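Breakdown of the fold
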Amino acid sequence: GKDEVTLTLLRDTRKGPVKVVVMPDGAMETIRRGCRLSAAAEYAKGGELKYGCIDGWCGTCWHRERVTNMIFKPCCDVITEDW
């Protein structure tokens, strides 16, 4: 079957770690900035995630943050210092 993962990204400020929540099971981990978003999601899930590509073009992994409406691509994005 097809794996389906929904991420919820939570941040209180622009500094410090980022909390990654994998839905629907609610697995949660706190990740340092500078990490690949895919590594953060896999760490929170406790296993490998499957994507249709590794550079963000297919749209399989795209996530829209509810508050800012920004699109994140876990397969290739990095949680930057200014995120």
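Source: prediction; values computed, not measured. Residue positions are counted from 1 within each chain, in the order its sequence is given. Only residues with pLDDT of at least 70 get local features here, since the model is predicted, and only at 80 or more are side-chain atom pairs given and counted; chain-wide, interface and lining totals rely on the full set of residues. In computing side-chain properties, one takes all heavy atoms of the structure into account and sets aside hydrogens as well as water.

**Quick notes on the overall build of the protein chain**
A run of H or I in DSSP counts as a helix once it spans at least four residues, and a run of E counts as a strand once it spans at least two, with each numbered from the N terminus. Counting its secondary structure elements, the protein chain contains 1 helix and 5 strands. Start at the N end of the protein chain and walk to the C end: the helices and strands fall as β-β-β-α-β-β. Only protein chains enter the area calculation, which uses a 1.4 Å probe; residues under 20% of their type maximum are buried, those over 50% are exposed, and those in between are partly exposed. Per-residue burial for the protein chain yields a buried fraction of 33% across its 83 residues. For the protein chain, long-range pairs separated by at least 24 residues make up 36% of all intrachain contacts whose partners lie at least 6 apart in sequence. Areas reported here follow the Shrake-Rupley algorithm with a probe of radius 1.4 Å; residue values treat only the protein chains shown as occluding. Surface accessibility of the protein chain: about 5600 Å² in total, with carbon and sulfur atoms responsible for 52%. The contact definition used throughout considers only heavy atoms, calling two residues in contact when any of these lie within 4.5 Å.

**What to know about the confidence of the model for the protein chain**
When the pLDDT values of the protein chain are averaged, the result is 77; 88% of them are 70 or greater. Mean pLDDT in the protein chain bottoms out at strand E1 (residues 6–10), which sits at 70, and peaks at strand E5 (residues 71–72), which reaches 84. Confidence of the prediction at every residue is given by pLDDT, a number between 0 and 100.

**Remarks on the environment of Glu4**
Positionally, Glu4 belongs in the segment before E1. Spatially, the C-alpha atoms of Glu4 and Lys50 are 8.9 Å apart, while their sequence positions differ by 46 residues.

**Quick notes on the pairing of strand E2 (residues 18–23)**
The side chains of a regular strand alternate, residue by residue, between the two faces of the sheet. Here the rule is simple: two strands pair whenever DSSP picks up at least two bridges between them. Here E2 pairs with strand E3 (residues 27–31) via 5 bridges, running antiparallel. Residue pairing in the sheet places Val22 in a bridge with Ala27 of E3. Counted along the chain from E2 to the antiparallel partner E3, the turn is 3 residues long, and its residue Gly26 has a positive phi close to 80°.

**Description of the nonpolar core**
Formed by 14 residues in total, the largest nonpolar core has its most connected members in Leu7, Val20, Val22, Ile31, Ala40 and Ile79. Listed by contribution, the elements that provide at least two residues to this core are E2, E3 and helix H1 (37–45). Of the residues forming this core, the biggest block, 4 residues, is contributed by H1. In contact with Ile31, not counting residues within four places along its chain, are Pro17, Val18, Val20, Ala40, Tyr43 and Ile79. We call a set of buried Ala, Val, Leu, Ile, Met, Phe, Trp, Tyr and Cys residues a nonpolar core when their side-chain atoms join them within 4.5 Å.

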